[in-house]
Structure formats: structure tokens, C-alpha cells
Amino acid sequence: MEGKELFAVVNSALNGLSAVLLATGYVLIRSGRWRAHAATMSAALLSSAIFLACYLYSKFAYGEISSGIPRGWYLAAYLVVLIPHVALAVLMLPLIFMTIWLAATRQWQRHRKFARPTLGIWLYVSVTGVLIYFMLYQWYPALYPDAYRASELFKVAPK
């Protein structure tokens with residue numbers, strides 16, 4: 001497995017792990033297990049931070065990996081997932097920091113108000129991150145095995 005492909009798999013796994021940890025953290029706080037919730041949410045933050053570091057490193061090391069998806073229904077579906085994913089990924093960072101700061105300073109009422117939308121956005125971004133991986137690296141090559149891809153990752157020559 002090449003470096004580019006390895007980073008795609010690792011990033012997808014980290015996104016999936018974040019989603020599982022976020023859902024677990026939600027269940028824990030709803031059941032009143034606030035210490036377990038805090039530990040789980042800290043792990044979710046760590047997983048997402050490692051994802052961000054790996055993602056940024058892969059972009060600097062390998063550049064943008066373009067799938068070369070041609071116009072059509074698949075590109076439209078991909079963009080419907082990608083555009084809100086990217087927009088919400090940018091929006092969620094200040095929300096996460098504010099939510100953590102409110103918890104750290106024991107401002108529980110305000111923490112709850114920020115945590116609810118932050119959780120939804122963070123979950124959406126984590127889950128769609130995994131979906132984007134499958135759309136680019138698993139489903140697209142299977143649907144269009146002879147299609148030209150701008151990425152060297154796919155190593156399929158144009159016909």
C-alpha cells in the first residue's frame with residue numbers, strides 16, 4: 001500500500017473511530033456517567049486531532065488526490081456529500097473549542113447549549129468523511145474501472 005493510499009485508509013479509520021466515540025459519549029452522558037463521557041469525548045477529540053494532522057500532512061506530502069470523476073450522477077452525488085462536509089468541518093472547529101472550554105470552566109448550562117449542535121455537526125463530518133473515502137477509493141473505481149483518474153493512486157491508464 002502506497003503512502004497516499006495508506007493515509008486515505010488511516011484518515012477514514014480515524015473518522016470512523018471519532019464517530020463511534022462521539023456516539024458512545026452521547027450515550028454515556030445521557031445515562032449520567034459524566035466521567036466516562038468526559039474520557040470518551042477526550043478520546044474523540046484526540047482521534048479527530050490525529051485525523052487532522054494526518055490529513056494535512058498527506059496534503060503537503062502528496063498534494064491533492066483527484067479522483068477524476070467525470071460529470072454525471074456520481075459526481076453530483078459526491079458533491080452533495082463533499083460540499084456540506086467541508087463547510088461543516090470548518091465550522092465545527094470553533095464549536096468544539098468553545099464546548100471544551102465551557103466544560104473545562106464548569107459552565108455546564110452553556111456547555112450543554114453548545115454541545116448539542118456541536119455533536120450533530122461533528123458526527124455528520126466524521127460519518128461523511130468515511131462516506132467520502134468509500135466514494136473515492138472503493139465505489140468509484142468499482143463502478144468505473146476503465147475511467148481516467150488524475151491520481152496516480154488508481155494507476156488506470158486512459159483508453
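All values reported here derive from a predicted model rather than from experimental measurement.

**Section: the packing of aromatic side chains**
Inspection of the entire model under this criterion finds seven aromatic pairs. Aromatic side chains Y133 and Y137 sit 5.3 Å apart centroid to centroid with 25° between the ring planes, which places their arrangement in the stacked category. Of this pair, Y133 and Y137 both sit in helix α4 (residues 108–143), separated by four residues, roughly a single helical turn. Residue Y133 is classed as buried on the basis of its relative accessible area of 13%. Through pairs of rings, three or more aromatic residues link up here, namely Y133, F134, Y137 and W139.

**Re unusual backbone geometry**
In this model, R106 sits at a positive phi of 60°, which is unusual for a non-glycine residue. Its location among the elements puts R106 in the loop between α3 (73–104) and α4.

**Side note on the confidence of the model for the protein chain**
Across the protein chain, the average pLDDT comes to 88, with 88% of residues at 70 or higher. Within the protein chain, α3 carries the highest mean pLDDT (95), whereas α4 carries the lowest (93).

Calculation rules
- Residues numbered from 1 in each chain as written.
- Predicted model: local features only at pLDDT ≥ 70, side-chain atom pairs only at ≥ 80, totals over all residues.
- Heavy atoms only, no water.
- Phe/Tyr/Trp six-rings, centres within 6.5 Å; stacked < 30°, edge-to-face > 60°.
- Helix = DSSP H or I, 4+ residues; strand = E, 2+ residues; numbered from the N terminus.
- Buried < 20%, exposed > 50% of the residue type's maximum accessible area, 1.4 Å probe, protein only.
- pLDDT = per-residue confidence, 0-100.

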